[in-house]
Structure formats: C-alpha cells, structure tokens
Amino acid sequence: MIQKYVADLADQMGISLTRFSVIDGRSVGCLSVHLLHLGSNDKLVSALIHQSDLDALSNDICCDRLELKIRVALSRLEIK
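First, a word on scope: everything that follows refers to the structure included in this document. (Residues numbered from 1 in each chain as written. Predicted model: local features only at pLDDT ≥ 70, side-chain atom pairs only at ≥ 80, totals over all residues. Heavy atoms only, no water.)

1. Some points on helix α3 (residues 64-79)
- The end-to-end C-alpha distance of α3 is 22 Å, a good match for the 22 Å that 16 residues give at a rise of 1.5 Å each.
- Of all the positions in α3, only Leu 66, Ile 70, Ala 73, Leu 74 and Leu 77 are classed as buried. Buried residues of α3 fall within an arc of 95° about the axis and therefore sit on the same side. Across from the buried face of α3, at angles greater than 90 degrees, the exposed residues are Asp 64, Leu 68 and Ile 79.
- Tucked inside the fold, the buried residues of α3 contact α1 (2-13), β2 (33-40), β3 (43-50) and α2 (51-58). (Helix = DSSP H or I, 4+ residues; strand = E, 2+ residues; numbered from the N terminus. Expected span 1.5 Å × (residues − 1). Buried < 20%, exposed > 50% of the residue type's maximum accessible area, 1.4 Å probe, protein only. Arc of directions from axis to C-beta. Contact = heavy atoms within 4.5 Å.)

2. Regarding the pairing of β2
- Burial within β2 is extensive, with seven of its eight residues counted as buried.
- As paired strands, strand β1 (residues 19-24) and β2 are joined by six bridges and run antiparallel to one another. When the sheet's bridge partners are listed, Asp 24 is paired in β2 with His 34.
- Pairing of β2 with β3, which is carried by eight bridges, proceeds in the antiparallel orientation. Each residue of the ladder has a partner; that of Gly 39, found in β3, is Leu 44.
- Remark: two residues form the turn of the hairpin made by β2 and β3, two consecutive strands paired antiparallel; Asn 41 in that turn has positive phi of roughly 55°. (Pairing = 2+ DSSP bridges.)

Below, the structure written as structure tokens:
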C-alpha cells in the first residue's frame, strides 16, 4: 500500500521513481519506524516512517505527517 501511495505522490510532483524500498526498523533495533529509500535515476534519498503512520494509511485515515515526509523526500530528489 505504501508503494502505491508514494508512486501517486511522485506522479503528482512529476518525479519518475526508479527505486523504492522499505527497510523494517526492527532489523536495527527500532521497533516503531521503517526506513524508506526512494530513488530516481542516480539519486537516492531516505526518510524515517513511523509504524503508526503506516497503520493510518492502511486504515484509510488521512495522515498529513506521512504525506509531508514523503513529499519532502521526493523534493530532495529533484534538488540533487
């Protein structure tokens, strides 16, 4: 679900994503966050995503914090 959400935001911003991955924070000792990697061609950015935001997204609850974090990450792809 997060991949489609990110892809939709990228499309709205006119960014073509070539890389997308989510790393579960539990693998590095963080129980409530995930690391989101986004790439466009040779550029790569990352953002920390809270589990509560992912839960809200999966329950179709508006989550402004998640949208803002993703938009900021996508805008960094444009700048680099």
